[in-house]
Amino acid sequence: GQQVMQIPQYQHVQEGEDFTTYCNSSTTLSNIQWYKQRPGGHPVFLIQLVKSGEVKKQKRLTFQFGEAKKNSSLHITATQTTDVGTYFCAGPGKNYGQNFVFGPGTRLSVLP
Amino acid sequence: DGGITQSPKYLFRKEGQNVTLSCEQNLNHDAMYWYRQDPGQGLRLIYYSQIVNDFQKGDIAEGYSVSREKKESFPLTVTSAQKNPTAFYLCASRDRAVGNQPQHFGDGTRLSIL
């Protein structure tokens, strides 16, 4: 079946260091979404990528969609303690995009 | 203030008991979803519904049941057949009238076994 994987599972960084999480799908995706879940909270939508090779930026966050539309990455420059949380990627499922498949997430810890 | 309301926030289940988790949205979204999240894990889809009176099984539907009698409501019942129900349950909704819309999540319900 369709699988969405993320690496690394955990990442501990010192405040000010950069962070990158990678998302890989077993199938080609029409789009990919990224969510952030703070500890004890619920996932919150960050961004959606649709085009092959697309790059989008949100302040210190840079999102990229691979040329083959099977992988994506999220890069945070100069992490802050407010970046702590788990970052999930999600792609449309097999049912014509009516359902979604989430990656297992990357949990980011930022040490002050 | 529009959004998704899940209740209760915490729920305890006894052996052999069915429990129902509530999910209500006032976003006028057609699509609604139920996910299960285990500690340190990702989200796994239990059930989803695109329109009233219709729903489909997700990846882990066994031991769960849902109904969609109203557009605003999508309750999830955790039956006694679900042998390991302890988890964080998240409800989400999405506007499927516009393509590629994101999901909006409620605050979740934490279910534990007594």
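Scroll up a little and you will see the structure.
Described below are features of the structure shown in this document. (Residues numbered from 1 in each chain as written. Chains lettered and ligands numbered in written order. Predicted model: local features only at pLDDT ≥ 70, side-chain atom pairs only at ≥ 80, totals over all residues. Heavy atoms only, no water.)

**Observations concerning the environment of G40 of chain A**
All names here are of chain A. You can see G40 is positioned in the loop between β4 (32-37) and β5 (43-49). With a relative accessible area of 63%, G40 lands in the exposed category. Between the alpha carbons of G40 and E17 there is a distance of 24 Å; along the sequence they are 23 residues apart. (Helix = DSSP H or I, 4+ residues; strand = E, 2+ residues; numbered from the N terminus. Buried < 20%, exposed > 50% of the residue type's maximum accessible area, 1.4 Å probe, protein only.)

**Notes on a nonpolar patch on the surface**
On the surface, a nonpolar cluster with roughly 380 Å² of combined accessible area is contributed by Y10, F12 and L114 of chain B. The exposed category is assigned to L114 of chain B, whose relative accessible area is 62%. (Patch = residues over 30% accessible without salt bridge, like charges linked within 9 Å, V, L, I, M, F, W, Y side chains within 5 Å. Areas by Shrake-Rupley, 256 points an atom, 1.4 Å probe, with all protein chains shown as cover. Salt bridge = Lys/Arg side-chain N within 4 Å of Asp/Glu carboxyl O.)

**Quick notes on the sheet that holds strand β3 (residues 19-25) of chain A**
For sheets, the rule is that strands pair by backbone hydrogen bonds, running either parallel or antiparallel. Residues and elements named next belong to chain A. Pairing is antiparallel across the open sheet formed by 5 strands, whose spatial order is β1-β3-β8-β7-β6. Edge positions in the sheet fall to β1 (4-7) and β6 (55-58), since each of these pairs with one other strand and no more. The mean inter-strand angle of the sheet, taken between neighbouring strand axes irrespective of direction, is 15°. Looking at chain direction, β6 and strand β7 (residues 61-65) are connected through 4 bridges and run antiparallel. Along β7, the bridge assignment pairs Q58 with L61. (Pairing = 2+ DSSP bridges. Axes fitted to C-alpha atoms, helices over the stretch in contact; angles between N-to-C directions.)

**Here's the deal with the pattern of salt bridges**
In this structure the tally under the stated criterion is 5 salt bridges over all chains. Between K56 of chain A and E54 of chain A there is a salt bridge, with the nearest N and O atoms lying 3.8 Å from each other. For E54 of chain A, a relative accessible area of 17% puts it in the buried group. Ionic pairing is found between K71 of chain B and D30 of chain B, a salt bridge with its closest N-O pair at 3.6 Å. With a gap of 41 residues between them, K71 of chain B in the loop between β7 (64-66) and β8 (76-78) and D30 of chain B in the loop between β3 (19-25) and β4 (31-37) connect regions that are remote in the sequence. For K71 of chain B, a relative accessible area of 23% puts it in the partly exposed group. Linked through salt bridges whose partners overlap, the residues forming this network are R36, D38 and R44 of chain B.

**Quick look at unusual backbone geometry**
Keep in mind that most residues, glycine aside, have a negative phi and that most peptide bonds are trans. Residues I7 of chain A and P8 of chain A are joined by a peptide bond in cis, for which omega reads -5°. For P8 of chain A, the position within the fold is in the loop between β1 and β2 (10-14). Going from S7 of chain B to P8 of chain B, the amide bond is cis rather than trans, its omega being -10°. If you trace the backbone, P8 of chain B turns up in the loop between β1 (4-7) and β2 (10-13). At K69 of chain A, a position not held by glycine, the phi torsion is positive, near 55°. Residue position: K69 of chain A is located in the loop between β7 and β8 (71-76). Residue A78 of chain A is not a glycine yet carries a positive backbone phi of 50°. Tracing the backbone through its elements, the reader meets A78 of chain A in the loop between β8 and β9 (85-92).

**Observations regarding the interface of chain B and chain A**
Contact residues are listed per partner, giving 22 residues for chain B and 22 residues for chain A. Approximately 1,700 Å² of surface area, both sides summed, lies buried where chain B meets chain A, with 50% of it carried by carbon and sulfur atoms. Three residues stand out in chain B for area buried against chain A, namely L43, N100 and F105 of chain B, and they jointly supply 27% of the buried area on that side. Where chain B meets chain A, there are 0 salt bridges. At 4 residues, the largest contribution of residues to the side of chain B that touches chain A is made by strand β5 (residues 43-51) of chain B. Its residues assigned to classes, the side of chain B that touches chain A comprises 9 nonpolar, 10 polar and 3 charged. (Contact = heavy atoms within 4.5 Å. Buried area = accessible area lost by both parts, 1.4 Å probe. Nonpolar A, V, L, I, M, F, W, Y, C, P; charged D, E, K, R; others polar.)

**Quick word on the state of the cysteines**
What the rule picks out here adds up to 2 disulfides over all chains. Between C23 of chain A and C89 of chain A runs a disulfide, and the two sulfur atoms are separated by 2.0 Å. Disulfide C23 of chain A-C89 of chain A: the torsion about the S-S bond is 80°, which places it as right-handed. Of this pair, C23 of chain A sits in strand β3 while C89 of chain A sits in strand β9, placing them 66 residues apart in sequence. For the pair C23 of chain A and C89 of chain A, a shared accessibility class is recorded, and that class is buried. Disulfide pairing is shown between C23 of chain B and C91 of chain B; the S-S distance is 1.9 Å. Its S-S torsion of about -75° marks the bond between C23 of chain B and C91 of chain B as left-handed, since a negative value means left-handed. Taken together, the positions of C23 of chain B in strand β3 and C91 of chain B in strand β9 (residues 87-94) put the pair 68 residues apart, joining distant regions of the chain. Note on C23 of chain B: relative accessible area 0%, which makes it buried. (Disulfide = S-S within 2.5 Å.)

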